[in-house]
Amino acid sequence: MARRVLHALDREPRATVGWLSETLGIARGTVQARLGALFETDVLRPPSTTARPASLGYSLRAYVTAAVAQSEFDNAMRALRHIPEVIECVAVAGTDDLVLQVVARDADDLYRIGQLVLRCPGIRRTATSLVLQELIPYRMAQLLV
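Just so you know, these numbers come straight off a predicted model, no measurement behind them.

Q: Give a description of the overall build of the chain that names residues and reports values.
A: Secondary structure assignment for the chain yields 5 helices and 4 strands. For the chain, the α and β elements follow one another from N to C terminus as α-α-α-β-α-β-β-α-β. Relative to the globule expectation of 15 Å for 145 residues, the C-alpha radius of gyration of the chain, 19 Å, shows a markedly less compact shape. Along the three orthogonal principal directions, the C-alpha set of the chain runs to about 55 × 35 × 25 Å. Counting only residues that meet the buried cut, the chain has 30% of its 145 residues in that class.

Shown next as structure tokens:
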């Protein structure tokens, strides 16, 4: 049933509980309970993540790889959380330890953000790749069928 709710929300992101209930043939209380469970278990992301950074004035997007001194890993993560322009951070296996997705207003702002990342405790080195064009946007609908 969760997949049906997710699929319906993908088709109609502004769907109301009433619309979901009617469309899916599920009681309103059940829809509300399902939605609550989907948010509580982090299946659904907060609605703010659907906003495009450019619409908020952040016209540049980049991926930053970082090598971290393992003894400072927790301190690095705490510091990175305080940089608002870091919109995603994932741990990876390989040459580097982290991949950060960052947004910036312009090239000077990206430089400033890069310096903030480098000043985080335990960050040993970084490399930045600028996003030129989004070719396949973040998507999930194809996994719901």
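Q: Report on a nonpolar patch on the surface, specifying residues and quantitative values.
A: There is a patch of nonpolar side chains on the surface, built from Tyr-138, Met-140 and Leu-143 and spanning about 340 Å² of accessible area. Tracing the sequence through the fold places Leu-143 in the segment after strand S4 (123-130).

Q: Describe the packing of aromatic side chains, listing the residues and the values that go with them.
A: Taken as a whole, this structure holds 0 aromatic pairs when the rule is applied. Geometry around Tyr-58 places Arg-105 over its ring, the cationic atom sitting 4.3 Å from the centre.

Q: Help me get a handle on the nonpolar core, residues and values and all.
A: Formed by 18 residues in total, the largest nonpolar core has its most connected members in Leu-80, Ile-83, Leu-98, Leu-100, Val-102, Val-117 and Ile-123. For this core, the secondary structure elements donating two or more residues are strand S1 (60-68), helix H4 (73-81), strand S3 (98-104) and helix H5 (107-118). In this structure Leu-80 touches Val-86, Cys-89, Leu-98, Leu-100, Val-117, Cys-120 and Ile-123, once residues within four positions along its chain are discounted. Formed by 14 residues, the second largest nonpolar core is a distinct cluster that contains Leu-6, Ala-8, Val-31 and Leu-38.

Q: Kindly report on unusual backbone geometry, identifying the contributing residues and their values.
A: For residues that are not glycine, phi is negative in most cases, and the peptide bond is trans in most cases. Positive phi values are uncommon outside glycine, yet Asp-42 reaches one of about 60°. Mapped onto the elements of the fold, Asp-42 is located in the loop between helix H3 (28-40) and S1. Asp-42 sits in the exposed class, given a relative accessible area of 65%.

Cut-offs and rules
Residues numbered from 1 in each chain as written. Predicted model: local features only at pLDDT ≥ 70, side-chain atom pairs only at ≥ 80, totals over all residues. Heavy atoms only, no water. Helix = DSSP H or I, 4+ residues; strand = E, 2+ residues; numbered from the N terminus. Rg over C-alpha atoms; globule rule 2.2 N^0.38 Å. Buried < 20%, exposed > 50% of the residue type's maximum accessible area, 1.4 Å probe, protein only. Patch = residues over 30% accessible without salt bridge, like charges linked within 9 Å, V, L, I, M, F, W, Y side chains within 5 Å. Areas by Shrake-Rupley, 256 points an atom, 1.4 Å probe, with all protein chains shown as cover. Salt bridge = Lys/Arg side-chain N within 4 Å of Asp/Glu carboxyl O. Phe/Tyr/Trp six-rings, centres within 6.5 Å; stacked < 30°, edge-to-face > 60°. Lys NZ or Arg CZ within 6 Å of the ring centre and 35° of its normal. Core = buried A, V, L, I, M, F, W, Y, C linked by side-chain atoms within 4.5 Å. Contact = heavy atoms within 4.5 Å.

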